[in-house]
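Residue-level listing of the chains:
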Amino acid sequence: MLKFDEKWWLDSFSGALEKRKEIEKIVDTVVAQGYDNIFFLGIGGTYASSMQVVQHIKEFSAMPAFVEHAAEYMTTGNKALTKDSIVVFSSVSGTTEEVLVALKHIREHVGSRVIGFIDKENTPMGDLADHLVIYPMNEQLKFFMLADRFMWHRGDFDEYEELYKDLDAHLPAALVDVEKRADEFGKAFAEKHHLDEMHYFIGAGNQMGATYSYAMCYWEEQHWIRTKSIHAAEFLHGTLEIVDRDTNVTLFLGEDSQRPLAERVKAFLPRICGNCTFIDTKDYPLEGIREEFRGHISHLVMMAVNRRIDAHLERINCHPVEIRRYYRQLKY
């Protein structure tokens, strides 16, 4: 397979799951101390991951949980964020400017407790966290493990132990299998769309954060291909009018409670568009994962499929995804 180190990915997923013990201790401590609500603070890709986890919480719990955009917070604030709130952030570098500024303000003027996930040690953002988990990548998995533990404490997630019994035993191999199965599709998709002038991505539920992130943080930022991300329920209230026979449209179908919204779009699109693609997590077996738990991880399955598209796009366009024209290259 092109640009795929199976052992590396197995180790990466397994190592992230092993961090659950550390995450559980943090959550147990916070719950014992008491809290009012949880704010997932982010920008760009971390904002997208926050969208996913808050949607997940909304489906299973009445726990007050918010997505907070770091730059918006510094202009508007949020009266619901208080000293009794828990602020959660994630960062690869630990230096993300907008989030760093917001964290400093929250620590100095609000007094909320902060839980951080960073890929490496000794960073400015890490210094602002009361509780810090150091582990590279797997941001969504780390967020979901945190949220699931909080919900378990509330009695909203009785399947917690059974879910992670399956994930610990089978998730790494299942996600690697997804990538291997998706490789030919990823190659064909990349060959068809690598020169697109515009591409529309549609999703719902825990796929909406993936849709938002994949369009902006991957295709626009990394591949320099123009895109738009649309919620499946909103597609039928505007964007459908711009679609014709040749429009590039991809629909993500997951397996959580909002799947019917995506299925409605799937039923409609072929009537007006001859160039639509449906990526459905149901097409992948996920051996060892019980049926009732597939919706919990369908966002991870979609990410695995999309990684194969990205690997082939990078090769076909001869454009290393690490290159940026403006981001962290210019002052703005």
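Residues numbered from 1 in each chain as written. Predicted model: local features only at pLDDT ≥ 70, side-chain atom pairs only at ≥ 80, totals over all residues. Heavy atoms only, no water.

Trainee: Now, about the sheet that holds strand S2 (residues 65-69): what can you tell me, with residues and values included?
Mentor: As summarised here, the arrangement of the five strands in space is S2-S1-S3-S4-S5, forming an open sheet in which the pairing is parallel. The open sheet has two edge strands with one neighbour each: S2 and strand S5 (131-134). Neighbour to neighbour, the strand axes of the sheet diverge by 20 degrees on average, direction disregarded. The pairing of strand S1 (residues 37-42) with strand S3 (residues 85-91) spans four bridges and is classified as parallel. If you follow Phe-40 over to S3, its bridge partner there is Val-88. Contacting S1, S2 and S3, helix H3 (residues 45-60) crosses the sheet at an angle of about 165 degrees to S2. Helix-sheet contacts for helix H6 (residues 139-154) involve S1, S3 and strand S4 (113-118), and the interaxial angle to S3 is about 160 degrees. (Pairing = 2+ DSSP bridges. Helix = DSSP H or I, 4+ residues; strand = E, 2+ residues; numbered from the N terminus. Axes fitted to C-alpha atoms, helices over the stretch in contact; angles between N-to-C directions. Contact = heavy atoms within 4.5 Å.)

Trainee: An account of the packing of aromatic side chains is needed here, citing residue identities and associated values.
Mentor: For the coordinates displayed, the defined rule picks out 18 aromatic pairs. For the pair Trp-152 and Tyr-160, a centre-to-centre distance of 5.9 Å together with 35 degrees between the ring planes defines the contact as tilted. Relative accessible area serves as the criterion here: at 31%, Trp-152 is assigned to the partly exposed category. A relative accessible area of 0% places Tyr-160 in the buried class. Chaining the aromatic ring pairs together yields one cluster made of Phe-185, Phe-189, Phe-201, Tyr-214, Tyr-218, Trp-219 and Phe-252. Over the ring of Trp-224 we find Arg-325, and its NZ or CZ is 4.1 Å from the ring centre. (Phe/Tyr/Trp six-rings, centres within 6.5 Å; stacked < 30°, edge-to-face > 60°. Buried < 20%, exposed > 50% of the residue type's maximum accessible area, 1.4 Å probe, protein only. Lys NZ or Arg CZ within 6 Å of the ring centre and 35° of its normal.)

Trainee: How would you sum up a nonpolar patch on the surface? Please name residues and give values.
Mentor: A cluster of nonpolar side chains, Tyr-326, Tyr-327, Leu-330 and Tyr-332, forms an exposed patch at the surface whose accessible area comes to about 510 Å². Inspection of the secondary structure assignment puts Tyr-326 in the segment after helix H11 (294-316). Under the relative-accessibility criterion, Tyr-326 is labelled exposed at 52%. (Patch = residues over 30% accessible without salt bridge, like charges linked within 9 Å, V, L, I, M, F, W, Y side chains within 5 Å. Areas by Shrake-Rupley, 256 points an atom, 1.4 Å probe, with all protein chains shown as cover. Salt bridge = Lys/Arg side-chain N within 4 Å of Asp/Glu carboxyl O.)

Trainee: An account of the pairing of S5 is needed here, citing residue identities and associated values.
Mentor: The side-chain alternation of S5 yields one buried face, formed by His-131 and Val-133, and one unburied face, formed by Leu-132 and Ile-134. Bridge count between S4 and S5: four bridges; the pairing is parallel. Paired with Ile-118 across the bridge in S5 is Ile-134.

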